[in-house]
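# Coordinate inspection notes
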There are 2 protein chains.
Amino acid sequence: MAKDKVNSEIKHITFIGSGNVASAMAEEFFKKGLIITQVFSRNLSQANLLAEKVNSTGINNYSQLKETDLFIVAVSDDAISTVFSELKSSTPVVHTSGNTALQERYQNTESGVFYPLQTFSKGSGTNWSEVPICIEAANEDLLQKLHLLGELLSENVKTITSAERAIIHAAAVLACNFTNHLGALTQEVLEDHNLSLDLLNPLIQKTFRNITSGKAKEKQTGPAVREDYGTIDSHMKILEDKPEIKALYLALSKHIIAYHHGQ
Amino acid sequence: MAKDKVNSEIKHITFIGSGNVASAMAEEFFKKGLIITQVFSRNLSQANLLAEKVNSTGINNYSQLKETDLFIVAVSDDAISTVFSELKSSTPVVHTSGNTALQERYQNTESGVFYPLQTFSKGSGTNWSEVPICIEAANEDLLQKLHLLGELLSENVKTITSAERAIIHAAAVLACNFTNHLGALTQEVLEDHNLSLDLLNPLIQKTFRNITSGKAKEKQTGPAVREDYGTIDSHMKILEDKPEIKALYLALSKHIIAYHHGQ
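Residues numbered from 1 in each chain as written. Chains lettered and ligands numbered in written order. Predicted model: local features only at pLDDT ≥ 70, side-chain atom pairs only at ≥ 80, totals over all residues. Heavy atoms only, no water.

Let us look at the packing of aromatic side chains. By the definition in use, this model includes 9 aromatic pairs over all chains. Taken together, a centroid distance of 0.6 Å and an interplanar angle of 70° make the contact between Phe208(A) and Phe208(B) edge-to-face. Here Phe208(A), found in helix H7 (residues 201-212), pairs with Phe208(B), found in helix H7 (residues 201-212), and the two come from separate chains. Each member of the pair, Phe208(A) as well as Phe208(B), carries the same accessibility label: buried. With centroids separated by 6.1 Å and ring planes inclined at 40°, the aromatic side chains of Phe29(B) and Phe114(B) adopt a geometry described as tilted. Note that Phe29(B) is positioned in helix H2 (residues 20-31) and Phe114(B) in strand S6 (residues 111-116), a separation of 85 residues in sequence. Neither residue differs from the other here; Phe29(B) and Phe114(B) are each classed as buried. Seen from the ring of Tyr259(B), Lys217(B) lies directly overhead, with NZ or CZ sitting 4.5 Å from the centre. (Phe/Tyr/Trp six-rings, centres within 6.5 Å; stacked < 30°, edge-to-face > 60°. Helix = DSSP H or I, 4+ residues; strand = E, 2+ residues; numbered from the N terminus. Buried < 20%, exposed > 50% of the residue type's maximum accessible area, 1.4 Å probe, protein only. Lys NZ or Arg CZ within 6 Å of the ring centre and 35° of its normal.)

In structure tokens form, the structure reads like this:
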């Protein structure tokens, strides 16, 4: 039984893709002692760049792929099914996408999902121990292997269906991508007037505490929820030379008013 | 000199207004040993509610106002100038608004601004020591008094002009009010599908770290910045029964695409 468990562990991984997600994950698995068999990218120098960091070999041709314990496909969503169809070996294969359903393999059912629910950008570190890893697999055996693999990275490994994962991914875009964009706009407005972002940090931190602890709707403040059109007008004037930010400010304010006070 | 300094300190304060800002500030000043002379609100029971918490007296008639060291006017922006014109005594008076310019008093120049750059909602605590207090005054003497008063609450008291404060306030709406609204929408989407927000907390925390440390624009991830229209379409389908959230998702995605890739 113990021997079975050891045998069922994934110890060798090949990454298909070398972008932000593949890099963050490959580097962490390497740090945890796993062997990165190969790194595939259509762009060989990109493949080599990541391969060097994880003591691996970069390749750019599917025919060069060796057998390994797992292929992790970390490519753009629209490339996933093409890549899956290129992988002819019997090695199990997972993708890392939040939005793409479980892909049934052509030859066998050794396919799954290994989705780290986090934002990965160049130059920002990741505290892997708290990153939820959402897993799914076409069979129980692979699911168990993925669970063990996920636990190497994180204390929070969860089995999530494709349908649930798609909803979580949409929610993640609302909570992360759009918020980051608002942060970028905020930084632009302040920089244009030589004002420091530091001044806003306590506010930003409290906003995040409000969102992660309790009902954000009940904590809404600001001119829109108060229907304070005078302040909204003043802000329109301040943003006069930023027509796109101004338009977005107005759209969001209208949305808040409708959300809290009806149409 | 030392005696002058003692005399110049503000020790007795009356609050005009009893909403979130007045309550948070009055309670903190009371905790720090100041005397809250009176609490004024048009709604007497609201005035009494706050007054009880800070060992003070609630009133709802301007003729009942006693002399004190400072009136703090924490009312809605559009009511500020009316309230200022009602205050006939020689007591200095400040407002707490981010958006309203310094108000010149009718009888004297003892007027100023005492703006705490933070979001205050019922049931969420405030770590006052880190809240930036933006002060402004019609004369140097009052400015100095407000500085000492601010330092009772916070380690971060800054003299900020009306023009700068208005820009900071607009930026704060982008960084806080809109972000909180996105948080509320995220919670709604997850709750509708019985999914826990806990799963998103590490993502939300990293997003906030990204915004407060470095260029958020360079950390942008997600389907919009990748121009991944397939994923955007999937999310549109997930949000099909939430037409308003769907419309906002689309508006924000278009904004990100234009911001990163041009029109």
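On to the relation of the copies chain B and chain A, then. For the pair of chain copies, the relating transformation is a rotation about an axis with a translation along it. Overlaying chain B with chain A gives an RMSD of 0.0 Å, the required rotation being 180° about an axis along which the chain moves by 0.0 Å. In short, the pair behaves as if placed about a two-fold rotation axis. Ranked by how close their C-alpha atoms come to the rotation axis, the residues of chain B are headed by Thr179(B), at 2.8 Å. Take the interface residues of chain B: 100% of them recur as interface residues in chain A, which is what a same-surface contact looks like. (Least-squares fit on C-alpha atoms with pLDDT ≥ 70 in both. Contact = heavy atoms within 4.5 Å.)

The first and last C-alpha atoms of H7(B) sit 17 Å apart over 12 residues, in line with the 16 Å expected at 1.5 Å per residue. Among the 12 residues of H7(B), 10 are classified as buried, and the element is accordingly described as predominantly covered. Looking at H7(B), one finds that the buried residues are Asn201(B), Pro202(B), Leu203(B), Ile204(B), Lys206(B), Thr207(B), Phe208(B), Asn210(B), Ile211(B) and Thr212(B). Check the buried side of H7(B) and you find it contacts helix H6 (162-192) and H7 of chain A together with helix H6 (162-192) of chain B. Downstream of H7(B) by a residue or two, Gly214(B) has a phi angle that is positive, lying close to 105°. (Expected span 1.5 Å × (residues − 1).)

Residues and elements named next belong to chain A. Spatially, the 8 strands line up as an open sheet ordered S3-S2-S1-S4-S5-S6-S7-S8, and their pairing is mixed. Of all strands in the sheet, those bounded by a partner on one side alone are strand S3 (57-59) and strand S8 (157-159). With strand direction ignored, the average angle separating the axes of adjacent strands in the sheet is 25°. The pairing of strand S1 (residues 12-16) with strand S4 (residues 70-73) spans 4 bridges and is parallel. (Pairing = 2+ DSSP bridges. Axes fitted to C-alpha atoms, helices over the stretch in contact; angles between N-to-C directions.)

Bringing the pairing of strand S7 (residues 133-137) of chain B into the picture now. All names here are of chain B. Burial within S7 is extensive, with 5 of its 5 residues counted as buried. Of the two faces of S7, the one lined by Ile133, Ile135 and Ala137 and the one lined by Cys134 and Glu136 are each fully buried. Sheet analysis places S7 next to strand S8 (residues 157-159), joined by 3 bridges and oriented parallel. What sits directly across from isoleucine 135, in S8, is threonine 159. With helix H5 (residues 140-153) bridging S7 and its parallel neighbour S8, the resulting β-α-β unit is right-handed. (Right-handed = clockwise from strand over helix to strand, strands pointing away.)

This part is about the pairing of strand S1 (residues 12-16) of chain B. Sheet faces and side chains relate simply in a regular strand, where the side chains alternate between the two faces. All names here are of chain B. The element S1 is extensively covered by neighbouring structure, given that 4 of its 5 residues are classed as buried. Examined bridge by bridge, S1 and strand S2 (residues 35-40) share 4 bridges and lie parallel to one another. When the bridges of S2 are listed, histidine 12 appears paired with isoleucine 35. With respect to chirality, the unit in which S1 leads through H2 into the neighbouring parallel S2 is right-handed.

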